[in-house]
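Inside the fold
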Amino acid sequence: MIVVAIIGILAAIAVPSFMDMQLKAKRAELPGAVDGIKTAQLSYDASFDTYLELSLQPRVDADLDKNAVPWNLTAADWRSAGWAPDGALRGNYQVGLSPIDHPEHAILITARADLDGDDALSEYTASESYNATITEVRKLLY
């Protein structure tokens, strides 16, 4: 009975830690993809002296959840940029040109995800001059 009690205590400690680590592993998709998109944009700029504005893919903020969805491989703007993920994604991605709230940057790459289903989006951004960093966690208002 003592062994069962010890196993129960260890499980009570380990399960929340395991869930937290699982969430962090899923969230790691975002900065990696953002930095990949940044590299593709820098390469495109080196070839054509301009950046591309890229539409929101693969789904809107309101549809974000912990489930991975396939990338829209037919989006012409993303094909022109030369970047596509290796598989399905949990977040959404977008590139804006000359963002109003960041006029010092030519592009702003944004990724958002809601991996724990609490309607609070984790957001990562990068520009041509800095790598992906978490910028905010905000609640959906709709």
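Look above for the structure.
Residues numbered from 1 in each chain as written. Predicted model: local features only at pLDDT ≥ 70, side-chain atom pairs only at ≥ 80, totals over all residues. Heavy atoms only, no water.

1. A few points about the environment of P70
Inspection of the secondary structure puts P70 in the loop between β1 (54-57) and α3 (76-81). Not counting the four nearest positions on each side in its chain, P70 is found in contact with P58 and A88. (Helix = DSSP H or I, 4+ residues; strand = E, 2+ residues; numbered from the N terminus. Contact = heavy atoms within 4.5 Å.)

2. Some remarks on the packing of aromatic side chains
Tallying each qualifying case throughout the model produces six aromatic pairs. With a centroid separation of 5.4 Å and 85° between ring planes, the pair formed by W71 and W83 is classed as edge-to-face. Within this pair, whereas W71 is found in the loop between β1 and α3, its partner W83 is found in the loop between α3 and β2 (92-97), the two being separated by 12 residues in sequence. Overall, W71 belongs to the buried group, its relative accessible area being 10%. On the basis of relative accessibility, which here comes to 14%, the residue W83 falls in the buried class. Put simply, the rings of W71, W78, W83 and Y93 touch in pairs and so form one group of aromatic residues. (Phe/Tyr/Trp six-rings, centres within 6.5 Å; stacked < 30°, edge-to-face > 60°. Buried < 20%, exposed > 50% of the residue type's maximum accessible area, 1.4 Å probe, protein only.)

Note that every value here comes from positions in space, so none of it alone points to a role or purpose.
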